[in-house]
Amino acid sequence: MARLQGKTAVVTGGSKGIGAAIARSLAAEGASVIVNYASSREGADATVEAIVNAGGRAVAVQADVADAAQAAQLIDAAKREFGGVDVVVNNSGVYAFAPIDAFDPAEYDRMFGINVLGLLNVTKAAVPHLGEGASIINISSNITRMKLPGAALYTATKAAVDAITRVHSVELGPRKIRVNAIAPGLTMTEGTGTAGIVEGSEFADQIIAQTPLGRAGHPDDIALAAVYLASDEARWITGEVLGVSGGA
């Protein structure tokens with residue numbers, strides 16, 4: 001039997017990249033999936049189409065997770081469409097890199113609003129509907145273990161994700177709800193491509209040179225870890241930040 005048969009998963013930022021790969025992989029293991037998107041309806045529809053064509057169940061739902069009311073509506077959609085929520089993947093995130101004196105303060109609000117408050121909003125909305133055995137998976141980054149110039153703001157948001165993960169694991173443990181995070185290394189997605197970070201670029205080559213397994217990640221590499229943490233195979237794991245970074 002598929003590992004997630006009968007479960008419902010909500011994946012924020014599921015229209016492309018890591019989120020889309022996680023949505024497809026959860027569906028392949030039997031989960032019904034809410035594919036959340038903020039602006040890319042086309043990408044979310046493509047993810048849903050891929051899931052449905054493979055025999056799965058999925059629905060695209062628009063919501064800006066930085067808005068608490070919209071985050072609540074996202075969880076309501078999961079209940080309405082599939083009857084409940086069992087897995088929450090807080091994947092929505094944005095990033096920008098610049099020296100501290102070059103950042104517009106508005107960027108602080110944007111990045112923390114999506115990367116941190118978005119996670120809190122979705123988790124808060126989902127918790128009343130999560131039962132024993134439910135799994136919350138937060139997408140962090142291994143950048144928290146690095147010292148990259150220009151990355152202070154993004155690093156701060158992901159360090160917050162790690163801290164929230166550990167605290168929520170303690171808060172929700174008595175209810176038998178597991179909370180873990182995945183910290184990807186450099187992973188090639190549409191977003192990194194738009195930012196000019198592609199295999200063969202100077203930045204990518206520097207990171208890969210420091211990666212024991214000698215390559216950048218791909219979205220499916222992260223999705224495999226998410227399936228594991230969502231499944232009963234990880235029933236004794238909570239409060240952990242799992243590095244999926246080729247050893248970097």
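As a convention, each chain's residues are numbered from 1 in the sequence order in which they are written. Local features in this predicted model are restricted to residues of pLDDT 70 or higher, and side-chain atom pairs are both shown and tallied only at a pLDDT of 80 or more, whereas totals for entire chains, interfaces and linings draw on every residue. Calculated side-chain values reflect all of the structure's heavy atoms, with hydrogen atoms and water omitted.

*Asks:* Kindly report on the sheet that holds strand 4 (residues 87-90), identifying the contributing residues and their values.
*Replies:* Pairs of strands are assigned from DSSP output, requiring at least two bridges between the strands. Note on conventions: DSSP H or I runs of at least 4 residues are helices, E runs of at least 2 residues are strands, and numbering of each starts at the N terminus. Taken together, seven strands build an open sheet; the order of strands is 3-2-1-4-5-6-7 and the sheet is parallel. Because the sheet does not close on itself, it has two edges, and the strands there are strand 3 (57-62) and strand 7 (241-244). Each strand of the sheet is rotated relative to its neighbour by a mean of 20°, with strand direction disregarded. With four bridges connecting them, strand 1 (residues 8-11) and strand 2 (residues 32-37) associate as parallel partners. The partner of Ala9 across the bridge, within strand 2, is Val33. Any two residues whose heavy atoms approach within 4.5 Å are treated as being in contact. Whenever a helix is involved, its axis is fitted only over the stretch in contact; in every case the axis is a line through C-alpha atoms, and angles between N-to-C directions fall within 0 to 180 degrees. Running at roughly 160° to strand 6 (residues 178-184), helix 5 (residues 152-172) makes contact with strand 5 (135-139), strand 6 and strand 7 of the sheet. Contacts between helix 8 (residues 219-230) and the sheet are confined to strand 4, strand 5, strand 6 and strand 7, with strand 6 contributing the most and set at about 170° to the helix.

*Asks:* Provide a residue-level description of the pattern of salt bridges, including the pertinent values.
*Replies:* Whenever Lys or Arg places a side-chain nitrogen within 4 Å of a carboxyl oxygen from Asp or Glu, that contact is recorded as a salt bridge. Tallying each qualifying case throughout the model produces six salt bridges. Arg41 serves as the salt-bridge partner of Asp45, at 2.8 Å between the closest nitrogen and oxygen. Of this pair, Asp45 and Arg41 both sit in helix 2 (residues 41-53), four residues apart, roughly one helical turn. When salt bridges that share partners are traced, they join Arg3, Glu29 and Glu233 into one network.

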